[in-house]
Amino acid sequence: MLYNSTLNKEKKITAAEAIAAGIAPDGGLFVPCKFPAVSEAELKNMLSMKYTERAELIFSKYLTDFSADEITECVEKAYTKEKFGAENPTPISCCAYNGNDLNILELWHGPTAAFKDMALQILPHFLTKSIKKTGLNNKVVILVATSGDTGKAALEGFKNVDGTGIIVFYPENGVSPMQKRQMCTQEGNNVCVCAIKGNFDDAQTGVKAIFTDERINNVLRAENKQLSSANSINLGRLLPQVVYYFSAYLDLVNKDKIYMGEKVNITVPTGNFGNILASYYAFRMGLPVNKFICASNSNDVLTEFINTGVYNKNRTFYTTYSPSMDILVSSNLERLLYHITNENSEMIKELMLKLKTCGKYEVDSDIKEKISEMFYGACCSDKETQETIGRLYSQSGYLCDTHTAVAINVYDKYVNETSDKTPCIIASTASPYKFCKAVLGAVGDNLPANEFEMADALNRLTGVNIPKPIAELKDKKARFKDTIEISGMPGYVTKNA
Ligand SMILES: *Cc1c(COP(=O)(O)O)cnc(C)c1O
């Protein structure tokens, strides 16, 4: 199994090389040269497997330069009962909304109560093994600029992983009080968290400059250290997301909700297009899928793209109740375009150049048709998001977060438009307790002053348990209190790497 850049089909590399590098030197994203197949016989075999065994089987098809033992080690370190609360890290809750059955795939039972844990709990293990395979014995120092969620999920993933360190920068006034508390109380002997006097863009620009700063890289190299990133275009973050779509399908067969071989629809609340792309990868490997339903909030750039073939990031940026989807450039769409154009890297190069220079591109009618055959796109406002949370709760007693609500709202629109009653998996990406203010506002009327009181109020009102990692935050001591100037970032990295 080999990989190449979306911008160059000729140069092929191993999985370990792709994971260690993160992004291709030509600026493209690494993609598999071909999709490995899962036959129906194999699918049937997987029915009786645990999540970790299913994961090992899927990974063994992609990471052919890893030994079976190495894959097992990665999987068993990542998806423990201790970290995810149960043997199955991704349980499905079944309920009804406006007369339609929802199979809600809960991807948020990990240490930070959001779906990014599914990938970031295993990435550190893939990454350290990949770097060793490429012949280096360096300590990997992960640099992250975060607007909240990714920083915490990366910290939890890398904490106490041998051979790694992680430094997270966040904007002093640019994250929620809960997110700040999550990061400043972070445990682990190899982690560092620091606020900067600036906004998220300043943090991001600062981190990018450090990655390419030759002086800093030389200093670190002399100490056998190298910088790396954990962002969502790394192949090592995409592959773990493929697993749970297979696993969800098998769980639905085991629950007699679908029969083996029956097609399903998949609805995903989408930002950077990573999660929904993983479901497309599962489909290309053999998972029976009828339609991918791409749900956006008011930042509806993908809705427009799926419906018109025009991708245009020149538009107002909205801050919404579903902040992890507040994105105008969905990086992983580049991978879908590559696969759907039959690997036309010349065309991808052209489109991505247009995006860079004009902020806009249009695909031809042939590609547009191929996309709309498989994908449906629609969007959901903040008002509709809260209405959906309230209505779902009153109809079925199920409490969902704002991102999941966007997905459920868009799925409802899809069924109304098409009358397609194919069984549907809804990706649920965060615990409602991560977004207490908007969720409590949707189901209750009194809003207490701070987020911990809101969580308690939501718990009293609904009886839904507060996830342990969030409940425990209240009594944790802050370990990281530094706030530095933007100009101090390089010095902070060389001192703490
Ligand atoms: C990151 C995130 C998303 C968006 O996922 P993509 O893979 O970027 O499309 C949706 N919901 C939550 C809660 C997230 O953290």
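Reference entry: report on the structure contained in this document. (Residues numbered from 1 in each chain as written. Predicted model: local features only at pLDDT ≥ 70, side-chain atom pairs only at ≥ 80, totals over all residues. Heavy atoms only, no water.)

Counted by the stated rule, this structure contains zero disulfides. The thiol of Cys294 is not disulfide-bonded; the next cysteine sulfur, from Cys379, is found 10 Å away. Just so you know, Cys424 is unpaired, no disulfide at all, and the nearest cysteine sulfur is the one on Cys94, 12 Å from it. (Disulfide = S-S within 2.5 Å.)

Turning our eyes to something else, we now look at empty space enclosed by the protein. Counted according to the given criterion, the structure contains one cavity of 30 Å³ or more. Space inside the largest cavity adds up to approximately 30 Å³. Forming the boundary of the largest cavity are Thr270, Gly271, Ser296, Asn299, Val301, Leu302, Met325, Ile327 and Ser330. Residue composition of the lining of the largest cavity, grouped by class: four nonpolar, five polar and no charged. (1 Å grid on protein atoms, 1.4 Å probe; cavity = no way out; pocket = protein on both sides within 12 Å on 5 of 7 lines; lining within 4 Å. Points joined across faces, edges and corners; volume = space filled by probe spheres on them. Nonpolar A, V, L, I, M, F, W, Y, C, P; charged D, E, K, R; others polar.)

Over its 14 residues, helix α16 (residues 345-358) runs 20 Å from end to end, which matches the ideal 20 Å to within 8%, given 1.5 Å per residue. Inspection of α16 places Ser345, Ile348, Leu351, Met352 and Leu355 among the buried residues, and these make up the whole buried set. Projected down its long axis, α16 shows its buried positions confined to an angular sector of 120 degrees, all on one face. Seen from the open side of α16, the exposed residues pointing more than 90 degrees away from its buried face are Glu346, Glu350, Leu353 and Thr357. Buried residues belonging to α16 abut β2 (8-13), β12 (310-312), α15 (333-340) and β13 (360-362). Downstream of α16 by one or two residues, Gly359 has phi in the positive range, about 75 degrees. (Helix = DSSP H or I, 4+ residues; strand = E, 2+ residues; numbered from the N terminus. Expected span 1.5 Å × (residues − 1). Buried < 20%, exposed > 50% of the residue type's maximum accessible area, 1.4 Å probe, protein only. Arc of directions from axis to C-beta. Contact = heavy atoms within 4.5 Å.)

A separate point is the site of the ligand. Taken together, 14 residues form the shell around the ligand, and within it Lys116, Gly271, Asn272, Asn275 and Thr429 come nearest. Between the ligand and Gly271, the relevant distance is 2.8 Å, taken from an oxygen atom to a main-chain nitrogen or oxygen of the residue. Contacts to the ligand include Phe273, whose backbone N or O atom sits 3.1 Å from an oxygen atom. The fraction of the free accessible surface of the ligand (390 Å²) that becomes covered by protein chains is 96%. Partitioned by chemical class, the residues of the shell around the ligand number five nonpolar, eight polar and one charged. (Near = heavy atom within 4 Å. Polar contact = N/O pair within 3.5 Å; in protein donor to acceptor, adjacent residues only side chain to side chain. Areas by Shrake-Rupley, 256 points an atom, 1.4 Å probe, with all protein chains shown as cover.)

Within strand β5 (residues 100-106), six of the seven residues are buried, which leaves it mostly tucked inside the rest of the structure. Of the strand pairs in this sheet, strand β4 (residues 92-97) and β5 are connected by six bridges, and their pairing is antiparallel. Note on β5: the bridge partner recorded for Ala96 is Asp101. Between the end of β4 and the start of β5, which pair antiparallel, lie two residues, with Asn98 showing a positive phi angle near 50 degrees. Direction of pairing for β5 relative to strand β15 (residues 424-428): parallel, over a ladder of four bridges. For Leu105, the partnering residue across the bridge sits in β15 and is Ala427. (Pairing = 2+ DSSP bridges.)

Turning next to helix α17 (residues 365-374). Looking only at α17, the buried set comprises Ile367, Ile371 and Met374. Projected down its long axis, α17 carries its buried residues within an arc of 75 degrees, all on one side. Facing away from the buried side of α17 by more than 90 degrees, the exposed set consists of Ser365, Glu369 and Glu373. In this fold, the buried residues of α17 make contact with α13 (274-285), β11 (289-296), α14 (301-308), α15, α16 and β14 (375-379).

In this section: the environment of Cys380. Following the sequence through the fold, Cys380 ends up in the loop between β14 and α18 (382-396). Through-space distance from the C-alpha of Cys380 to that of Ala405 is 8.8 Å; in sequence the pair is 25 residues apart.

By the definition in use, this model includes 18 salt bridges. As a salt-bridge pair, Glu40 and Lys44 come within 3.8 Å of each other at their nearest N and O atoms. Taken together, the positions of Glu40 and Lys44, both in helix α2 (residues 40-46) and four residues apart, correspond to about one turn of that helix. Taking relative accessible area as the criterion, Glu40 reaches 43% and is therefore assigned partly exposed. (Salt bridge = Lys/Arg side-chain N within 4 Å of Asp/Glu carboxyl O.)

Along the chain, Lys291 turns up in strand β11. Despite its burial, Lys291 remains without a salt bridge, the nearest opposite charge being carried by Asp420 at 7.1 Å. The contacts of Lys291, once residues within four sequence positions are left out, are Val264, Asn265, Ile266, Ser372, Glu373, Met374, Phe375, Tyr376 and Tyr414. (Lys, Arg positive; Asp, Glu negative; His and termini not counted.)

A sheet is described by the order of its strands in space; here six strands give the open sequence β4-β5-β15-β10-β11-β14, paired in mixed fashion. Of all the strands in the sheet, the pair left with one neighbour each is β4 and β14. Direction aside, neighbouring strands of the sheet carry axes that sit 25 degrees apart on average. (Axes fitted to C-alpha atoms, helices over the stretch in contact; angles between N-to-C directions.)

The computed volume of the second largest pocket comes to approximately 780 Å³. Around the second largest pocket sit 35 residues that line it, and Glu82, Lys83, Gly110, Pro111 and Pro469 are the ones nearest its centre. Taken together, the elements giving at least two residues each to the lining of the second largest pocket come down to α5 (81-84), α8 (149-158) and α22 (468-471). Among the elements that make up the lining of the second largest pocket, the one with the highest residue count is α5 (four residues). Across the lining of the second largest pocket, the residue classes break down as twelve nonpolar, eleven polar and twelve charged.

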